[in-house]
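Structural overview
For reference, the chains in residue letters:
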Amino acid sequence: MSIRTPVRLINARRTVEGGGFVVRRPFPTPELPLFDPFLLLDEMGPVDYAAGQAVGAPDHPHRGFETVTYLLDGEFEHEDSAGNRGKLNPGDIQWMTAGRGVVHSEMPSARVRQEGGRVHGFQLWVNLPSRDKMTAPRYQDVSAAQLPVASTPDGRTTVKVIAGEALGVAARVETRTPIVYFDVLLRPGGNVLLPSPAAFNAAVYVFEGTVRVGGERDVEEGTFVLLGDGDTIALACAADAKSPARMLVLGGEPLNEPVARYGPFVMNTEAEIHQAIADYQSGHFGGIAR
Ligand code: MN
């Protein structure tokens, strides 16, 4: 066993996205443009909206990658150009393979928009390999009740397995390339070792509390920790910590392919980006029927 240790710490910036919602974005940033095979991680909120103030991302297209929405608090409504619609509640996952293209909207629910309330969650963009960029769009929805959860025998550590496998518990979602995505909760005194194949890029994003990463470094919330070589991730919360620590663990086999990106389109070449824009502008992605 070889423990991965932190090689780089990145402070997630607060930035304003889409229709005006505040996100903490560990990447892409000038310091970290890409975390192959991942393209973007946004922490949406946490934000407490007053009545009439909640905003989201109205109709917009995607092509060439997957968007993964994981809601912790609030409610989101989703609609797309293929006629799909649905609602995300706390703890729910929507894994959308945009493939050759969808137009969708992602908005706080009508109730949250009218009455206000807390919104907190994550959106992760997973790149598709060249061979899958023009695949048919697909949704994999996993409700909070269906999301596989693993725990350590002492009960101090809980791992929600969004993708991959942890502590013998496998995810429900199928990924196009080998990926892990965990939501880890460490109560004071809790610790866990998670397998992280040597071929993966690996990182931890701390979004609550303080975590000891790799047995050597205490990392505060709002920090994205790139890990070095190894095959195991070691996470711990101090026994005298005042509160639990929460973090996302991300890892995946790098695609090592050229990335051409323009807003909501991520392809391999500039020519493919121009094609995506042309296809969108000429209506090939369709629109949302209302
Ligand atoms: Mn979107």
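For the structure itself, consult the block above.
Everything in this summary refers to the structure shown in the same document.

As a further point, take the nonpolar core. Grouped together as the largest cluster of nonpolar side chains are 29 residues, with contacts concentrated most on Leu 41, Trp 95, Phe 122, Tyr 181 and Phe 224. Those residues within four positions of Phe 224 in sequence are excluded, and the remaining contacts are Arg 8, Leu 9, Ile 10, Pro 26, Phe 27, Leu 32, Phe 35, Leu 41, Ala 203, Val 204, Tyr 205 and Leu 250. Among the nonpolar cores identified, the runner-up in size contains 26 residues, and Ala 166, Ala 171, Leu 194 and Val 219 belong to it.

Taken in spatial order, the 4 strands make up an open sheet running β5-β10-β7-β8, and their pairing is antiparallel. Edge positions in the sheet fall to β5 (57–62) and β8 (85–88), since each has one partner strand and no second. Neighbour to neighbour, the strand axes of the sheet diverge by 20° on average, direction disregarded. Here β5 runs beside strand β10 (residues 102–108); their pairing, made up of 4 bridges, is antiparallel. By the bridge assignment, His 62 is partnered in β10 with Val 102.

With that settled, consider the side chain of His 78. Counting through the fold element by element, His 78 comes out in strand β7 (residues 76–80). Overall, the relative accessible area of 7% leaves His 78 in the buried class. His 78 has contacts with Asn 84, Arg 85, Gly 86, Gln 94, Met 96, His 104, Ser 105, Glu 106 and Tyr 139, leaving out every residue within four places of it along the chain.

The protein atoms that coordinate the manganese ion are His 60 (NE2), His 62 (NE2), His 104 (NE2) and Glu 106 (OE), at distances of 2.1 to 2.3 Å. When the donor residues of the manganese ion are listed from N- to C-terminus, their spacing reads H-x1-H-x41-H-x1-E. Of the two residues, His 60 sits in strand β5 while Glu 106 sits in strand β10, which places them 46 residues apart along the sequence. A relative accessible area of 16% means that His 60 is categorised as buried.

So, about the environment of Leu 185. Mapped onto the fold, Leu 185 is located in strand β17 (residues 179–186). If we skip the residues at most four places from it in the chain, Leu 185 touches Arg 156, Thr 157, Thr 158, Pro 244, Ala 245 and Arg 246.

Turning to the pattern of salt bridges, a few remarks are in order. Evaluation of the coordinates by the stated rule reveals 17 salt bridges. Put simply, Arg 63 and Asp 279 hold a salt bridge, and the shortest N to O gap is 3.1 Å. Within this pair, whereas Arg 63 is found in the loop between β5 and β6 (65–73), its partner Asp 279 is found in helix α2 (residues 270–281), the two being separated by 216 residues in sequence. The burial state of Arg 63 is the same as that of Asp 279; both residues are buried.

Taking burial as the measure, the 5 residues of strand β23 (residues 232–236) include 4 buried ones, the bulk of the element. Summarising the sheet, strand β18 (residues 191–195) and β23 pair through 5 bridges and their orientation is antiparallel. Note that in β23 the partner of Asn 191 across the bridge is Ala 236. Pairing between strand β20 (residues 210–213) and β23: 2 bridges, direction antiparallel. When the sheet's bridge partners are listed, Val 213 is paired in β23 with Leu 235.

What counts and what doesn't
- Residues numbered from 1 in each chain as written.
- Predicted model: local features only at pLDDT ≥ 70, side-chain atom pairs only at ≥ 80, totals over all residues.
- Heavy atoms only, no water.
- Core = buried A, V, L, I, M, F, W, Y, C linked by side-chain atoms within 4.5 Å.
- Buried < 20%, exposed > 50% of the residue type's maximum accessible area, 1.4 Å probe, protein only.
- Contact = heavy atoms within 4.5 Å.
- Pairing = 2+ DSSP bridges.
- Helix = DSSP H or I, 4+ residues; strand = E, 2+ residues; numbered from the N terminus.
- Axes fitted to C-alpha atoms, helices over the stretch in contact; angles between N-to-C directions.
- Donors = N, O, S within 2.8 Å, 3.2 Å for Na, K, Ca; no water.
- Salt bridge = Lys/Arg side-chain N within 4 Å of Asp/Glu carboxyl O.

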